[in-house]
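In case you want the letters, here they are:
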Amino acid sequence: MSGPTIEELEALKVQLTAEIDGAADGAALEGVRVAALGKKGSVSGLMKSLGGMDPEVRKEMGPRLNGLKNEIAALIEAKGAALENAELDARLAEERVDVTLPVTPEAQGSIHPVSQVIEEMTAIFADMGFSIAEGPDIEDDFHNFTALNFPPAHPARDMHDTFFLTQDGAAQASGVGAGNEPPKVLRTHTSPVQIRHMMTHKPPIRIIVPGRTFRCDSDQTHTPMFHQIEGLVIDTETHMGHLKGCLVEFIKAYFEVDDLNYRFRPHYFPFTEPSAEMDIGYSVEEGNISIGTGEKFMEILGCGMVHPNVLKNCGLDPDTYQGFAFGLGVDRMAMLKYGIPDLRPFFEADMRWLKHYGFRPLDLPTLVGGIAR
Amino acid sequence: MKFTVSWLKEHLETDASVEEITTAMTRIGLEVEEVVNPAELYAPFKVAHVIEAKPHPDADKLRVCRVDTGDEVLEVVCGAPNARTGLKGIFAPVGTQPPNVDFVLKKAKIRGVESNGMLCSEREMGLSDAHDGIIDLPEDTPIGTPFAQVMGLGDPVIDFEVTPNRPDWNGVDGIARDLAASGLGTLKTPMPKPVTGSYDCPQAIELTFDAETATACPRFAGRYVKGVKNGPSPEWLQKRLKAVGLRPINALVDITNFLSLDRARPLHVYDADKLVGPIRARMGQAGETFLALDGNAYEVTPEQCVIADDAQVLGLGGVMGGEASGCTEETVNVFIECALFDPIRIAKTGRATGIVSDARYRFERGVDPEFVIPGLELATQMVLDFCGGEASHILDVDVTSHDAQTQDMPIGLVKKLTGMEIADDEMMRILDVLGFAPVRQGDVIHTTVPSWRPDIEGKADIVEEIAHIYGYDHLPLTPLPRMEVIAKPILTERQNQARWGRRAAAVRGLREAVTYSFTDQPFAELFGGGALALKLANPISSELGTMRPSILPNLLAALQRNVDRGFEDVALFEVGPQYKGAEPDEQELAISGIRRSAGSRHWQGKTRAPDAFTVKADALAVLGEMGVATASVQVTADAPDWYHPGRSGTIRLGPKFPMAHFGELHPRVLKAMDVKGPVMAFEVVLDNLPPSRKKASKARGSLAVSDFQSVERDFAFVMDAGVTSDVISRAVLGADKVLITEMAIFDVFEGASIGAGKKSVAFSITLQPTDKTLTDKEIEAVSAKVIAAVKKSTGGELRG
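Treat the numbers as computed from the prediction; the structure is a model and nothing was measured. (Residues numbered from 1 in each chain as written. Chains lettered and ligands numbered in written order. Predicted model: local features only at pLDDT ≥ 70, side-chain atom pairs only at ≥ 80, totals over all residues.)

Re the overall build of chain B
Quick note on the threshold: Think of it this way: any DSSP run of H or I at least four residues long counts as a helix, any run of E at least two long counts as a strand, and we number them from the N terminus. Computation of the radius of gyration draws on C-alpha atoms alone. For the globule rule, the value is 2.2 Å times the number of residues to the power 0.38.
The number of helices and strands found in chain B is 20 helices and 40 strands. The C-alpha atoms of chain B give a radius of gyration of 41 Å, which is well past the 28 Å a tight globule of 800 residues would have. Dimensions of chain B along its principal axes, counting C-alpha atoms only, are 130 × 85 × 60 Å.

Below, the structure written as structure tokens:
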């Protein structure tokens, strides 16, 4: 058997190429493939006929037919890929969304300024070696007053508008609590934690105490509950110069001002001697307040050297140990730094206020990332 | 405490300006609150002459005045009954604002007549409360004289805060002493000269106390002055009192007020003719009452020290005198009291009666015990000067010790406590001017504590004396040295848990609120609280009357406030205390949140309204962030009373640790609080978390992953509707603890097709082989175990 001529093969190739080219979709292309390379296809038929050919002819036709088969297969594959692409493009051309439509709403959470500011302050003081101590909101007279060198009926107690708790009925009846033991109070400051800490820890002590405090006072600028942060350093040589160094460093870091204008003034607190108040400068320009610089002064905190009587009351020898304490209002510090005009909305949980003055859930104040962003 | 600059200069020789004085005061601890310069404040207001006052044509009570201001003649409409032709008054022109008027005066038509300014009353000028007519000055007052000059108010008034430790600052002499020490001038307070009496004091004094109450009034000095003529005090004294806001009354009263301010020495003057028998300081008796000078009647108690005579209680010693023995214009013979009272007893009496007086204020802070006789001499001299009369000898009943306190201070202590280098001479100078009579002996300064300084009780107080006068501007700026320890966590475990829990709740879309620790008593009772021991004795208002047993009632009140403002979608949480009792260990720390939303419409479909599972997820997120292994918690269908009984639960780690509650709040609770529901809530109580076990190493266990393919199989069972999903999951996971690594419920269905009281539960399991690929046979075997286990524990049937 002689087999097909070269011309016949060429004609078949031209024919098949044209059919492949002309295939409009995947199904038509598959038809062409079956007709050419399927079991009964034209190219397959020729391949099968190879066996009956003369060896000489087979030797020549074998590679030719194989080449044709491969060529057609490649063409079909290429056409298939092209058709697939075209189909995908056509489909994608149909698949459009209005990307300006709003996303599904997800509630946004936030952190209260008081929490945020306490974390900011903690970050700064932590760097200076302070750790956090805590104590109860409901205090006894001893920790809130007596141990802090407020003698009973001392007029300094009148400086604190104290909330008293109702005396327990059983205590009243047994006479144990009633006249002899003063009623419990809501702590008027965070200072009782100084006492609790000194009575249970040995110096050196460096703590800060953030927390809720209470005074029965309520007007435009006072709420019956507010927040304080207390600081206490006790060792054998810390003096008022360290107090000044520590607080100036803190205020600079907190308000992020380098050229802080400040002054320390003598004042009186029963639990410190000597006592002082720290004022910082501010200025008002076109209604905007700038904190830290400026010629006007505002009081920012109270401080002093821990009173020898307080040390004694905690079992520490004042001839050996000394140190300083300070206290400042957290809410007010938040107001000053973040320009929050009123105190009272702090505790009203108005969603609009929380949204406006709140902080993002993952906005963690750190020294590396910035105390405030 | 208010005083005027000229008053200060009676005690302090100085050329300092007002500004220098106030700067020095603040620098040494007398915190200036206000400086009022009347010459500036009152500058626009001058004397004017009413040329003619005639009735207003359209108003009976008004008059139309032609007023000569010195510069021009203006028409002014005036409503005062005393507006008359010829009156000399104080005129406020258009464009000014008198101190006690809350608007700027404008040209205005009053009932058709133009008015160009105002003739002022004393109240409008901020001088007194008198408002029954306009100021009516003597006829010869020159027109155009500034108001401040007419009233003698030229003197700047300084108001400052007296700290409770410095009773001596309640007298102008005490202020002058500290200013002198600060270098502002020289102290020149005149020493009182003794007044020689001409007869024995006819008024007997008795101190009637037992041993326990002897300190109530340890000294009572008195003196009789006969034949006085009480009347107005001299002009200089009246002006001084007026300048600091006191109303002159009569010479005898003005004298005591003056000495109270000038020397911090309260006194009392009795009309001696109204006294019956000896005057007696004693404890009150139950049932006794007296009419005080403030016009109120007070009942006295056996804890209070009274001054009485044979007839009645005359007053509360050191607090307030009584009407019965008060001086009037007709008083002829007087008895002057200068006594000492126990500060603590005075404070208690003051608090119990609510009486606020200059005497109480001074006695409870401490009055100089050695100034009794000098104070009495000063008062006598002033009575004689202003009212005439003849003074008796002094009668002095005195059981005080007169022991002077001494206090030593090692000279190095100033540097040790303050860090300031202060020259020894400067320390000695400061103490000397302050009256401490310092004596240097080696390294110690001996001092004698001045009798007017009850606050000095230790060497630190002497350091303070030197430091506050020397000035805190000199404090060195010393950095706090670093602690030589390895950095350890600054926060305790619980503080860290609170911090992470807070962030986790915020990430879940809740907004952090901070609400009061108090709540309304009925609300507290709804949440298991309201115990007597947690009730405030003196709340701001009844809504804030008790300590909250839970954060929820306050969040709910806040929620409703938001709803009332039109914000229907509320998601709030708080990290804060709740109170089970008044003891320190009865305060818990909780992270609690509430959610309320009707769901909102969106183009992709309605968003899901929160339900019990939303807040369950909140609680689990908070717990998980705090380090609780949430995969091993148990959830039980019980929760406190304030939750919906069928839609709430508790998340526990074993029976001991009920860490969190969650679910829908009880409709009855919401109704009682007037809150629009439904509201979902969760409460995580940090105190109920198990203590974490400290791990020896931070290293994690090795990661075990299998290279063999996992297999998933689905099952569906029909079972009683009451079977809970945890029963199913326990059964499934227990069926083969090695191969079954996951179990997930993907469908729960109840309906008629299943049968009444039944439900269909569909779940998938994941089988993860570790050593070889599973054969069909092995998979079938596990499936069979699962089916058997579920059947056994739930009584359910596999669906065909």
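Some thoughts on the overall build of chain A
Worth spelling out the cut-off: Exposure classes come from backbone-placed C-beta atoms, where a residue is buried if 20 or more other C-beta atoms lie within 10 Å of its own, exposed if 12 or fewer do, and partly exposed in between. Distance between backbone-placed C-beta atoms decides contact: two residues are in contact if it is within 7 Å.
A tally of regular secondary structure across chain A gives 12 helices and 10 strands. For chain A, the spread of C-alpha atoms along the principal axes amounts to about 130 × 55 × 50 Å. Per-residue burial over chain A gives 42% buried out of 373 residues. Here the contacts in chain A between residues at least 6 apart in sequence split such that 65% fall between residues at least 24 apart.

A look at helix α2 (residues 18–27) of chain B
Residues and elements named next belong to chain B. The condition is simple: To be clear, the arc concerns the directions from the helix axis to the C-beta atoms.
For α2, the complete set of buried residues consists of Ile 21, Ala 24 and Met 25. Seen along its axis, α2 keeps its buried residues to an arc of 105°; they face one direction. Looking at the buried positions of α2, the neighbouring elements they touch are α1 (5–8), β3 (31–36), β11 (157–161) and α5 (172–181). Gly 29, located one to two residues past α2, shows a positive phi value of around 105°.

Examining the interface of chain B and chain A
Which entries qualify depends on this criterion: Each residue gets one of three labels, nonpolar for Ala, Val, Leu, Ile, Met, Phe, Trp, Tyr, Cys and Pro, charged for Asp, Glu, Lys and Arg, and polar for the others, Gly among them.
The interface is formed by 78 residues belonging to chain B together with 73 residues belonging to chain A. Here the side of chain B that touches chain A is built from residues that sort into 42 nonpolar, 20 polar and 16 charged.

Describing the domain arrangement of chain B
The criterion, for reference: Delimitation of the domains relies on an automatic or database domain assignment.
Partitioning chain B into domains gives domain 1 (2–33 + 160–187), domain 2 (40–150), domain 3 (205–398), domain 4 (406–472), domain 5 (493–688) and domain 6 (711–798). Between the C-alpha centres of domain 1 of chain B and domain 2 of chain B there is a distance of 38 Å.

As for the domain arrangement of chain A
Many analyses report the size of an interface as the accessible area lost when the parts associate. For chain A, the domain assignment lists domain 1 (6–94) and domain 2 (113–357). On a C-alpha basis, the centroid separation for the pair domain 1 of chain A and domain 2 of chain A is 90 Å.

Let's talk about the nonpolar core
Put simply, the test is: Note on terminology: a nonpolar core is a set of buried residues of type Ala, Val, Leu, Ile, Met, Phe, Trp, Tyr or Cys, with members joined through C-beta atoms within 7 Å.
Within the largest apolar cluster, 267 residues are counted, with the highest numbers of intra-cluster contacts made by Leu 119, Val 334, Val 383 and Leu 572 of chain B. Setting aside residues no more than four positions away along its own chain, Leu 119 of chain B makes contact with Cys 65, Val 76, Cys 78, Ala 80, Ala 83, Gly 89, Ile 90, Phe 91 and Ile 134 of chain B.

A word on the sheet that holds strand β33 (residues 634–636) of chain B
Sheet strands pair via backbone hydrogen bonds, and the direction of the pair is either parallel or antiparallel. Residue and element names in this part refer to chain B. Selection criterion: When DSSP finds two or more bridges between two strands, those strands count as paired.
Ordered by their spatial adjacency, seven strands build an open sheet running β28-β31-β32-β36-β35-β34-β33, and the pairing between neighbours is mixed. Two strands bound the open sheet, and with one partner strand each, they are β28 (511–512) and β33. With 10 bridges connecting them, strand β31 (residues 570–579) and strand β32 (residues 587–596) associate as antiparallel partners. Residue pairing across strands places Phe 573 opposite Gly 593, the latter belonging to β32.

Looking at the sheet that holds strand β20 (residues 313–316) of chain B
Residues and elements named next belong to chain B. With respect to topology, five strands assemble into an open sheet ordered β13-β16-β19-β20-β21, the strand pairing being mixed. Each end of this open sheet is capped by a strand with a single partner; those strands are β13 (205–208) and β21 (320–321). Summarising the sheet, strand β19 (residues 305–308) and β20 pair through three bridges and their orientation is antiparallel. The partner of Val 306 across the bridge, within β20, is Leu 316.

A closer look at the pairing of strand β36 (residues 680–685) of chain B
Along any regular strand the residues' side chains alternate between the sheet's two faces. Residue and element names in this part refer to chain B. Of all six residues that make up β36, five are buried, and the element is covered over most of its length. Of the pairings in the sheet, the one linking β32 to β36 comprises six bridges and is antiparallel in character. Looking at the pairing, Ile 591 lines up with Val 684 of β36. Where strand β35 (residues 657–665) lies against β36, five bridges are found, and the strand directions are antiparallel. Note on β36: the bridge partner recorded for Gly 663 is Ala 681.

Some thoughts on the packing of helix α19 (residues 725–735) of chain B against helix α20 (residues 776–794) of chain B
Residue and element names in this part refer to chain B. Quick note on the threshold: Only the contacting stretch of a helix is used when fitting its axis, a line to C-alpha atoms as for every element, and angles between N-to-C directions run 0 to 180 degrees. Crossings are sorted by hand: turned counterclockwise from the far helix by less than a right angle, the near helix makes the crossing left-handed, and turned clockwise it makes it right-handed.
One can describe the packing of α19 onto α20 by two numbers: an axis separation of 8 Å at closest approach and a directional angle of 145°. Every pair of crossing elements has a handedness; the one defined by α19 and α20 is right-handed. Contact residues: α19 offers Val 727, Ile 728, Ala 731, Val 732, Gly 734 and Ala 735, while α20 offers Lys 785, Val 786, Ala 789, Val 790, Ser 793 and Thr 794. In the contact of α19 with α20, the residues fall into eight nonpolar, three polar and one charged.

Structural notes on the environment of Pro 164 of chain B
All names here are of chain B. In this structure, Pro 164 sits in the loop between β11 and α5. Owing to 19 C-beta atoms within 10 Å, Pro 164 belongs among the partly exposed residues under this scheme. Note: C-alpha distance between Pro 164 and Glu 364 (200 residues apart in sequence) is 9.3 Å.

Examining the packing of helix α12 (residues 424–433) of chain B against helix α13 (residues 459–470) of chain B
Residues and elements named next belong to chain B. Definition in use: When describing relative orientation, an angle under 35 degrees is termed roughly parallel and one over 145 degrees roughly antiparallel, while 65 to 115 degrees is termed roughly perpendicular and anything else oblique.
Viewed as axis vectors pointing N to C, α12 and α13 meet at an angle of 100°, and their least axial separation amounts to 10 Å. Relative to α13, the element α12 lies roughly perpendicular. For the pair α12 and α13, contact is made by Glu 426, Met 427, Ile 430 and Leu 431 and by Glu 465, Ile 466, Ile 469 and Tyr 470, respectively. Grouping the constituent residues of the contact of α12 with α13 by class yields six nonpolar, no polar and two charged.

Some details on helix α4 (residues 55–94) of chain A
Residues and elements named next belong to chain A. Rules: How far a helix is expected to stretch is found by multiplying one less than its residue total by 1.5 Å. Think of it this way: the bend at a residue is just the angle between two axes, each fitted to seven residues, one set ending at that residue and the other starting at it.
For α4, with 40 residues, the first-to-last C-alpha span of 57 Å sits near the 58 Å given by 1.5 Å per residue. When the local axis directions of α4 are compared, the greatest deviation, roughly 35°, occurs at Met 61, which is followed within four positions by the proline Pro 63. Every buried residue belonging to α4 is among Met 61, Leu 65, Leu 68, Ile 72, Leu 75, Ile 76 and Lys 79, and all of these are buried. Against the buried residues of α4 lie α1 (6–22), α2 (26–37) and α3 (42–49).

Observations concerning the environment of Val 444 of chain B
Residue and element names in this part refer to chain B. Relative to the helices and strands, Val 444 is located in strand β27 (residues 444–448). For the pair Val 444 and Pro 374, spaced 70 residues apart in the sequence, the C-alpha separation amounts to 33 Å. Those residues in contact with Val 444 that lie beyond four places of it in its chain are Asp 408, Met 409, Pro 410 and Ile 411.

Observations concerning the pairing of strand β15 (residues 268–271) of chain B
Residue and element names in this part refer to chain B. The alternating pattern of β15 places His 268 and Tyr 270 and Val 269 and Asp 271 on opposite faces, both of which are buried. By the bridge criterion, four bridges tie β15 to strand β22 (residues 334–340) in an arrangement that is antiparallel. Looking at the pairing, Tyr 270 lines up with Phe 335 of β22.

Observations concerning unusual backbone geometry
Negative phi values dominate among residues other than glycine, just as trans dominates among peptide bonds. Residue and element names in this part refer to chain A. Residue Pro 204 is bonded to the preceding Pro 203 through a cis peptide linkage, with omega at 5°. Position of Pro 204 relative to the elements: it lies in the loop between α8 (192–200) and β4 (205–214). In this model, Glu 273 is joined to Pro 274 through a cis peptide bond whose omega is -5°. Take Pro 274: it is sitting in strand β7 (residues 272–285). Even without glycine at this site, Asn 149 takes up a positive phi of about 70°. For Asn 149, a count of 21 C-beta atoms within 10 Å gives the class buried.

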